[in-house]
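# Commentary on secondary and tertiary structure
Residues per chain are reported as follows:
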Amino acid sequence: MNLVDRILTIVITATITSAIWIVAGGTLIENASSESQRKNTRPAEAAPSPVAVPTDGETDASAASLDRAGPTAPADSDGRQLLIPVKNIRPSDLTDTFSDSRSEGVRLHEAIDIMAPRGTSVVAAGPGTVEKLFRSDAGGNTIYVRSPDGETIHYYAHLDRYAEGLKEGQRVRRGQRLGTVGSSGNASDEAPHLHFAILQTTQDAEWWEPANAVNPFPLLTAGR
Ligand SMILES: [Zn+2]
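Residues numbered from 1 in each chain as written. Predicted model: local features only at pLDDT ≥ 70, side-chain atom pairs only at ≥ 80, totals over all residues.

## Let's talk about the environment of Val122
- Looking at the secondary structure, you find Val122 in strand β4 (residues 121-123).
- Excluding anything up to four places from it in sequence, Val122 contacts Pro85, Val86, Tyr156, Leu159, Leu178, Gly179, Thr180, Val181 and Leu194. (Helix = DSSP H or I, 4+ residues; strand = E, 2+ residues; numbered from the N terminus. Contact = placed C-beta atoms within 7 Å.)

Encoded structure:
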């Protein structure tokens, strides 16, 4: 092998080696970035909270892939049906307003509005613990009740008043009185109603963190 041949061999070997590294390295980087994308789109983090952010088809699709109870499962750990959370309201009185748009189409409603005269009793749809009594501009007087298994939050908004003595940390039974229907927050004075949402969350997530909203309508009307 003369000198020119040896140099040529070295150059070719070096070129092939770096080509292999470029291809292999590129694949590694690609894997790493799709891995981190998956993390970024985990439904619990990407889904809307009751107070903010629009939802989209992608979020719904990833919500369906959660291995926990799906949207059709009753939201209670003991499997019993949910109560309609307003006294004297029958299933036939309810209207499915879950997919209505709100805030001029910026987001979906993701809750049910249960129309009732001001002062009608609001009762717990299921058992749980009052995690937060929160007064917000949009929701007015609101209540967040977390289920015994910690993975569902029932959100009640626009209350006229809280039930006497109701406090954070208190356990409530299904059907226990929580307060009265009203129009606090951004609800119209002429149309008092209870805004009721069911949020699927995780045990370690705070009440205000984004969660997946489940349509209450089929759960409140099923088999009745
Ligand atoms: Zn509403």
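So much for the structure itself; the text now carries on.
## Observations regarding the nonpolar core
- One finds Val122, Tyr156, Leu178, Leu194 and Phe196 to be the most contacted residues of the largest nonpolar core, which totals 34 residues.
- When residues of this core are traced back to their parent elements, those giving at least two are β3 (112-115), β4, β6 (140-146), β7 (152-162), β9 (177-181), β10 (193-200), β11 (212-214) and α4 (216-221).
- Contacts of Tyr156, omitting those with residues within four sequence positions, involve Pro85, Val122, Thr142, Ile143, Leu178, Leu194 and Phe196. (Core = buried A, V, L, I, M, F, W, Y, C linked by C-beta atoms within 7 Å. Buried ≥ 20, exposed ≤ 12 C-beta atoms within 10 Å, placed from the backbone.)

## Brief notes about the pairing of β7
- Across the eleven residues that make up β7, a large majority, nine, are buried.
- The sheet contact formed by β6 and β7 spans five bridges and is antiparallel. Within β7, the position partnered with Asn141 by the bridge is Leu159.
- The turn linking β6 back onto β7 is made up of five residues, and Gly150 within it adopts a positive phi angle of 80°.
- Bridge analysis of β7 against β10 gives six bridges, and the strand direction is antiparallel. Opposite His154, over in β10, you have Ile198 as the bridge partner. (Pairing = 2+ DSSP bridges.)

## A few points about the environment of Gly175
- Relative to the elements of secondary structure, Gly175 occurs in the loop between β8 (171-172) and β9.
- The residues contacting Gly175, other than those within four sequence positions of it, are Leu83, Val123 and Ala124.

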